[in-house]
Amino acid sequence: MEWAAKNLDFVLELSFNHLLISLAPLVLGSVFAFALVRFTPVKLTGTIGTTFSAIYAVPSLAIFVALPAIIGTSYLGPTNVVIALSVYVAASMFFSTRDAFSQVPKPTVFIARAQGLSPLQLFVHVELPLAIPGLIAGLRVAAASTVSMASIGAIVGVRNLGYLFLDGFQRKIPEEILTGLLAIFLIGIAMDIGLWALGKALTPWTSRSAQRV
Amino acid sequence: MTKPIKKSIKSAIALSAVAVLGLAGCAESNSEPLVIGSQAYYSNEIVAEVYAQVLENAGYSVDRQFALGQRDVYVPALLAGEIDLFPEYTGNLLQHFDPAATATAEEDVYQALQAALPAGLTALALSGASDQDSYNVTSDFAMKNNLTSIADLAGVSGIRLGGAPELAERPYGPMGLMSFYGVTVEFEATGDTTVESLEAGLIDMANVYSADPRIQQLGLVTLTDPQGLFLSSNLVPIASDAVNQEARDLINAVSSAMTAADLVALNVRSVEEQLSSAVIARDWLLSKGLID
Amino acid sequence: MFSIGELFDWLTDPENWTGRYGLANLFVEHLTLTLVSLAIAGLLAIPIGIAIGQSGRGETLVIAISSASRAIPTMGLMFALVMLMGVEFRQFAVVLALVGIAIPPILAGAYSGIKSIPIVIREGARAQGMTTLQQIRHVGLPLSAPSMVGGFKIAYLQVVSTVVLAPLVGLGGLGFGVIQGLALRDFAQLTGSALVIVLLSITGERLLARAQRTSHRRLTHSKIGR
């Protein structure tokens, strides 16, 4: 791929930017979703769920262009796109987080309470570790969508791999578009493997041999 | 089990905080580096890159905000001081600020633009390099219908005009064709597929920038514009007050060194050799002895 | 930036609804592209999903495809195909891209729908002497309907979202108002178009969600499985 070789520095710069713009929403959105799941009264979960389903149904370009008008962010800079992507991640992670924590076995929680663990200890030592597989699974889905959606931000001037699509199409350079596709694919896979590895690292007991007593 | 998890959570929070702050920092423009913007047009980006490199070569720090889109998006940013320097085109920019402008000749348009620019923005020295909208047809179509100027279109019916979506609302678009030449066209928003659509016969007439190498490559016929539908449009740097005199002199040197042929040649390099604007800009600056 | 009043005026101005680039025509174009692509994707993905769910062969491939596909940049895919096929075939290229985007979720839905049917029931149907077609019609489809409709729901959202970008390759669709509005900084047009897109997206999503619930309810109320 000659074009990629000739423009490697540029592609790497865009890739790095793209990675940052994808990671920040994942963190922000998950934290926000988690806060919603833990700290909102049960009555509201239905409404929140419906709102998020609605938000998730909004095409990303529509949100990218409407957000500055609604909340006054500047068109310039990635803030606008990061906020929009965080909302998408929150929408998707809300359901994943809720499901991940709800499938923590109740008996385990009762036993832990009976043993005298404080709510914080309960959360950190019992609920969170058991919810991690579900959370990681949700994160992997959110990560894949975020990485590909972020490229649409290039239409509003964000400097990421999506630029390769627009510029490649404008100048009629197919390799440029293909390079963009490949780079995004690689970043997507890297994030997926990274999250999978993170999940494994955080749940060492799942990989221990079943024979161990 | 407790320590590793607590640590990972803490570092995750720390990392994300840094990332957010880092990105937030990128979003605001500091008063220190000069912010140079460009349109989502590869040719404009090359010129912006030329400005950026000539300033960096002289020791300035530059923040590139390229591919911002249309002037309706970035002019407010220019006015708000978020962008300091932008390569623009005299005719189009004049029409943006003064839709009723009547100047058509190169110098007149430049002077009218200087008068029309709001406070805080200055037009630096005009460049000889022109790049403006123009209506083009294939040579076959021109021969078949005996076309040399836009006025000749009056005798042709069912003309399909292609261009960017916003062309429909521009003063030199279908409305202008009607009022200046009495020509009716059907508009197709072909965007970046305009030249290909013209080639493929999906449209009859296309709005193509005059510095686009494909006009020569494909043997397209640019229709002349005796009624002055299009304002003459040359490359001109627009600077905010944050750009000091030394920087302005450097940019003016660039403008005087760049001819229309130069601009076309830069575009050719971009489309044929498929190089990035950074490389093309550097080579040109070196060849003109403007950087070392 | 702009007022609700301006937005309302823009939406109620008949000029903005008529003509080739009026909201009415753009809406029809958008819906047509979406439905055609979903239909083609469904015709391809459902039989394959059923087959894989039934036989268990090719499972890993399905799972890999459906997770990897979420990371496909829709804009890049669309541009790549249009460039490959040429402008004259851009409708075809865009539909191809949309079908490519719609197949993974529909495939995943069909596959997991069939897979989740207890093996006892599947075998039972075969033991009763049902032909493959009968098995699919009386057992497979009804029992996997919620999952399949769920797959269509996801595909619908993805496709509607991608068609928003179609004007970038010279086609129509509701995204035109967003792109022209962005260029002209006409916020009324931009937000108005975005609103119509959102309505199309959410309405379809709600309808499909309702269908999903109904097919599930019918399941639990039907005589199958009792």
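Criteria and thresholds
Residues numbered from 1 in each chain as written. Chains lettered and ligands numbered in written order. Predicted model: local features only at pLDDT ≥ 70, side-chain atom pairs only at ≥ 80, totals over all residues. Contact = placed C-beta atoms within 7 Å. Helix = DSSP H or I, 4+ residues; strand = E, 2+ residues; numbered from the N terminus. Pairing = 2+ DSSP bridges. Buried ≥ 20, exposed ≤ 12 C-beta atoms within 10 Å, placed from the backbone. Axes fitted to C-alpha atoms, helices over the stretch in contact; angles between N-to-C directions. Parallel < 35°, antiparallel > 145°, perpendicular 65-115°, else oblique. Left-handed = near helix turned anticlockwise from the far one by under 90°. Nonpolar A, V, L, I, M, F, W, Y, C, P; charged D, E, K, R; others polar. Core = buried A, V, L, I, M, F, W, Y, C linked by C-beta atoms within 7 Å. Domains from an automatic or database assignment.

*Asks:* Now, about the interface of chain C and chain A: what can you tell me, with residues and values included?
*Replies:* One frequently used descriptor of interface size is the decrease in accessible area upon assembly of the parts. On the chain A side, the residues contacting the 30 residues of chain C number 30 residues. With nine residues, the top contributor of residues to the side of chain C that touches chain A is helix 9 (residues 187-221) of chain C.

*Asks:* Now, about the sheet that holds strand 8 (residues 205-207) of chain B: what can you tell me, with residues and values included?
*Replies:* Residue and element names in this part refer to chain B. The five strands are arranged 7-6-8-5-9 in an open sheet whose pairing can be described as mixed. The sheet is open, and its two borders are formed by strand 7 (185-189) and strand 9 (221-222), each paired with just one other strand. Alignment of strand 5 (residues 135-137) against strand 9, held across two bridges, turns out to be antiparallel. Each bridged residue has a counterpart across the sheet, and for valine 137 the counterpart in strand 9 is valine 221.

*Asks:* Help me get a handle on the environment of A:Val87, residues and values and all.
*Replies:* Residue and element names in this part refer to chain A. In this structure, valine 87 sits in helix 5 (residues 79-102). Its 20 C-beta neighbours within 10 Å are what place valine 87 among the buried residues. Residues within four places of valine 87 in sequence aside, it is in contact with Gly29 and Ile55.

*Asks:* Kindly report on the packing of helix 2 (residues 42-57) of chain B against helix 12 (residues 277-287) of chain B, identifying the contributing residues and their values.
*Replies:* Residues and elements named next belong to chain B. Their axes nearest at 8 Å, the elements helix 2 and helix 12 cross at an angle of 55°. Considered as vectors, helix 2 and helix 12 are oriented oblique to each other. Between helix 2 and helix 12 the crossing geometry is right-handed. On helix 12, the residues that touch Tyr42, Glu45, Ile46, Glu49, Val50, Gln53 and Val54 of helix 2 are Ser277, Ala278, Ile280, Ala281, Arg282, Trp284 and Leu285. In the contact of helix 2 with helix 12, the residues fall into nine nonpolar, two polar and three charged.

*Asks:* Hey, could you go over unusual backbone geometry for me, with residue numbers and the actual values?
*Replies:* One non-glycine residue with positive phi stands out, namely A:Lys172, at about 60°. Unlike most non-glycine residues, B:Asn146 shows phi in positive territory, near 55°. B:Asn146 gets classed as exposed once you count the C-beta atoms within 10 Å, which come to 9.

*Asks:* Before we move on, could you go through the nonpolar core and cite the residues and values that matter?
*Replies:* Formed by 206 residues in total, the largest nonpolar core has its most connected members in A:Ala62 and B:Tyr51. Sort the elements by how many residues they give to this core and helix 5 (residues 90-115) of chain C lands first, with 14 residues. Each residue touching B:Tyr51, except ones within four places of it in the same chain, is listed here: B:Ile36, B:Leu85, B:Pro87, B:Pro237, B:Ile251 and B:Val254.

*Asks:* A description of the packing of helix 2 of chain B against helix 10 (residues 245-257) of chain B should follow, citing residues and the corresponding values.
*Replies:* All names here are of chain B. In the contact formed by helix 2 and helix 10, the axes pass within 10 Å of each other and the chain directions differ by 130°. Put simply, helix 2 runs oblique to helix 10. Every pair of crossing elements has a handedness; the one defined by helix 2 and helix 10 is right-handed. Across the interface between the two elements, Val50, Tyr51, Val54 and Leu55 from helix 2 touch Ala247, Leu250, Ile251 and Val254 from helix 10.

*Asks:* Got a sec to walk through the pairing of strand 3 (residues 85-89) of chain B? Specific residues and values, please.
*Replies:* Residue and element names in this part refer to chain B. Summarising burial for strand 3: five of the five residues are buried, a large majority. Residues Leu85, Pro87 and Tyr89 of strand 3 are buried on one face, and the alternating residues Phe86 and Glu88, pointing to the opposite face, are buried as well. As paired strands, strand 3 and strand 10 (residues 235-240) are joined by five bridges and run antiparallel to one another. Among the inter-strand pairings, proline 87 is bridged to a residue of strand 10, identified as proline 237.

*Asks:* Would you mind going over the domain arrangement of chain B in detail, with residue names and values included?
*Replies:* Residues and elements named next belong to chain B. The assigned domain composition of chain B is domain 1 (29-131 + 232-287) and domain 2 (135-222). Each of domain 1 and domain 2 has a C-alpha centre, and these two points are 27 Å apart. Of the residues lining the interface, eleven residues belong to domain 1; the matching set on domain 2 comes to seven residues. Ranked by residue count, the leading element in the side of domain 1 that touches domain 2 is helix 11 (residues 260-273), at five residues. Here the residues of the side of domain 1 that touches domain 2 are counted per class, giving five nonpolar, five polar and one charged.

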